[in-house]
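For reference, the chains in residue letters:
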Amino acid sequence: MSLAALLGTALLAGGMQPAEAKTKDGKWRIYLSLSYSGNSWQSEAANIVKALAKTPPFDKTVELTEVISGTDPQAQISDYESMIANGADGIVSFPISSTALNRTVHRGCQQGTLFFMYDATVTEPCAYNISYITSGFGENSAQALVNALGGKGKIFLSRGVPGNSVDERHTSGAMHVFKQYPGIEIAAEYYSYWDDRTTQQETAKALAAHPDVDGIWAQAGEFGAIQALMQANPDRLVPVTGENSNGFRLALANPDYQAKGLAGVSAGSPPAQSGFAFKLMMEILEGKREPLAEGERNIQYPLPWVPADKVQLCKGDTFEDGCNTFPEGKVPSSFVTEVFNPELLPELSLASALDGKPTADATIQPLPADAVEKAPDAPGINCRQCEAPEDIYSLTKVEPTVKP
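Report follows, based on the coordinates. Not measured: the values here are computed from a predicted model.

**Remarks on the overall build of the protein chain**
Step number 1: Helices and strands together make up the secondary structure of the protein chain, namely 13 helices and twelve strands.
Step number 2: Relative to the 2.2 N^0.38 estimate, which gives 22 Å for 404 residues, the radius of gyration of the protein chain is 21 Å and therefore close to what a compact globule would have.
Step number 3: Seen through its C-alpha atoms, the protein chain measures out along the principal axes to roughly 65 × 45 × 35 Å.
Step number 4: Expressed as a percentage of its 404 residues, the buried residues of the protein chain come to 55%.
Step number 5: Contacts spanning at least 24 positions in sequence make up 72% of the contacts within the protein chain whose residues lie at least 6 apart.
Step number 6: Accessible surface for the protein chain amounts to roughly 16,200 Å². Of this, 50% is attributable to carbon and sulfur atoms.
Step number 7: Side chains of the protein chain carry 31 positive and 48 negative charges; the gap between the two charge centres is 2 Å.

**What about the pairing of strand E6 (residues 153-159)?**
Step number 1: With six of its seven residues buried, E6 lies for the most part within the structure.
Step number 2: Taken together, the seven bridges between E6 and strand E7 (residues 184-191) define a ladder with parallel strand orientation. In the strand pairing of E7, Ser158 is matched with Tyr190.
Step number 3: With helix H7 (residues 165-178) bridging E6 and its parallel neighbour E7, the resulting β-α-β unit is right-handed.
Step number 4: Pairing analysis gives four bridges linking E6 to strand E8 (residues 215-218), with the strands arranged parallel.

**Description of the sheet that holds strand E3 (residues 90-94)**
Step number 1: On the basis of which strands lie adjacent, the open sheet formed by six strands has the order E2-E1-E3-E4-E5-E11 and parallel pairing. Of all strands in the sheet, those bounded by a partner on one side alone are strand E2 (62-68) and strand E11 (298-300). Pairs of neighbouring strands in the sheet enclose a mean axial angle of 20°, with direction left out of account.
Step number 2: As paired strands, strand E1 (residues 28-34) and E2 are joined by seven bridges and run parallel to one another. Opposite Leu32, over in E2, you have Glu66 as the bridge partner.

**Comments concerning the environment of Asp89**
Step number 1: Position of Asp89 among the secondary structure elements: in the loop between helix H4 (73-85) and E3.
Step number 2: It is 18 Å that separates the C-alpha atoms of Asp89 and Glu124, two residues lying 35 residues apart in sequence.
Step number 3: A distance of 2.7 Å separates a polar side-chain atom of Asp89 from the backbone nitrogen of Arg29.

**Description of the packing of aromatic side chains**
Step number 1: The tally for this structure, following the rule as stated, stands at 14 aromatic pairs.
Step number 2: Between the aromatic rings of Phe58 and Phe278, the centroid separation amounts to 5.5 Å while the plane-to-plane angle is 75°, which identifies the pairing as edge-to-face. With Phe58 in helix H3 (residues 58-61) and Phe278 in helix H12 (residues 272-285), the pair connects residues that are 220 residues apart, well separated along the chain. The exposure classification of Phe58 matches that of Phe278, with both residues buried.
Step number 3: Geometrically, the ring pair formed by Phe326 and Phe340 is edge-to-face, given 6.2 Å between the ring centres and 70° between the ring planes. Pair noted here: Phe326 is in the loop between strand E12 (305-307) and helix H13 (350-355) and Phe340 is in the loop between E12 and H13, with a separation of 14 residues, a long-range link.
Step number 4: You can call Phe326 buried: its relative accessible area is 0%.

**Things to note about the environment of Tyr190**
Step number 1: Tracing the backbone shows Tyr190 in strand E7.
Step number 2: Separated by 60 residues in the primary sequence, Tyr190 and Leu250 have C-alpha atoms spaced 25 Å apart.
Step number 3: Setting aside residues up to four positions removed in sequence, Tyr190 forms contacts with Phe156, Leu157, Ser158, Arg159, Glu202, Thr203 and Ala206.
Step number 4: Within polar-contact distance, the side chain of Tyr190 engages the side chain of Thr203 at 2.9 Å.

**A few points about helix H9 (residues 222-232)**
Side chains that are three or four residues apart share a direction in an α-helix, a result of its 3.6 residues per turn.
Step number 1: Buried within H9 are the following residues: Glu222, Phe223, Gly224, Ala225, Ile226, Ala228 and Leu229.
Step number 2: Residues of H9 that are buried in the fold lie against helix H8 (196-209), E8, strand E9 (240-241) and helix H10 (246-252).

Cut-off values and rules
Residues numbered from 1 in each chain as written. Predicted model: local features only at pLDDT ≥ 70, side-chain atom pairs only at ≥ 80, totals over all residues. Heavy atoms only, no water. Helix = DSSP H or I, 4+ residues; strand = E, 2+ residues; numbered from the N terminus. Rg over C-alpha atoms; globule rule 2.2 N^0.38 Å. Buried < 20%, exposed > 50% of the residue type's maximum accessible area, 1.4 Å probe, protein only. Contact = heavy atoms within 4.5 Å. Areas by Shrake-Rupley, 256 points an atom, 1.4 Å probe, with all protein chains shown as cover. Lys, Arg positive; Asp, Glu negative; His and termini not counted. Charge placed at Lys NZ, Arg CZ, Asp CG, Glu CD. Pairing = 2+ DSSP bridges. Right-handed = clockwise from strand over helix to strand, strands pointing away. Axes fitted to C-alpha atoms, helices over the stretch in contact; angles between N-to-C directions. Polar contact = N/O pair within 3.5 Å; in protein donor to acceptor, adjacent residues only side chain to side chain. Phe/Tyr/Trp six-rings, centres within 6.5 Å; stacked < 30°, edge-to-face > 60°.

Next up, the structure:
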């Protein structure tokens, strides 16, 4: 390891600014690493980081480079290696695998690079994982679907990306609930890659074989499931639980859709996690916040939870006065609403999420002192040699209304 890298690591351990690690023009060399792109969630999460990097004072102190690796872990490993070799001060990333990247991440940490993962996680303890993954989406949304079905019926599982920690944790939580109800039959299970179009296509295939489905448990891309249902039979909808797209929330609150059988809850992954990860990384790099010890770097982001009767339209361009959904035409139906967090990310606006543009007259605000909440251990998801708490699948947002 070079003297500069050793010095940078030592200063980071002491919570001081590693001045030796800067670029020639005095900026922090930061990489935004996406495993893949192409859906609204990934685009918004990336745009949030880009907008923050253009917001004063980061516009003068941060050199941000975006790299999209694709769904092959080896490609992201190769890109990580190039970033480390190029002297990355920090990498904020959506990792494609919870385990395959570990060796490269560890080597980067040894050379003074900070790794901040958002939403998806790795099990290398030197990395920071900022994620809602352990906040209970799978088990809570599954129980909500079971409640809506009275404990019995045929269901589809619309999953995410194969092998990704987010999909694995969501599905294990959901199956923990579904297995308790013998009346629940999983008629079809498919990967939809968190994309509306793919979800619609895969759900349509499942409907062709099982037109009598009673409910759908979906991850991101859930509005595509409703479109498939409408295409198959516009007079019959079923309960659907999913994530946070604006179209899905509008559908849940639509009285005509409710009359045709639609019910459900909007929960799931906030793109805002990327912005929180980026700001936290910068506060540590700049010596404004002490680094966390290894073993303490799993940070939980809260789970949004919006049942149909809690959908509230916003009048402006952000979440104000309890609103959580935008009127039809304001944003695309695939727009993932949870891009805002007034406490953690007051700098953001719709332009930030849609186009990666900074908000006019905004400046970067410090994170609250108590912004960091430790996430529970999840073996194979955010830690290796660890034990999950006994209540790892406990319900936090909903209670069972039918007995197993």
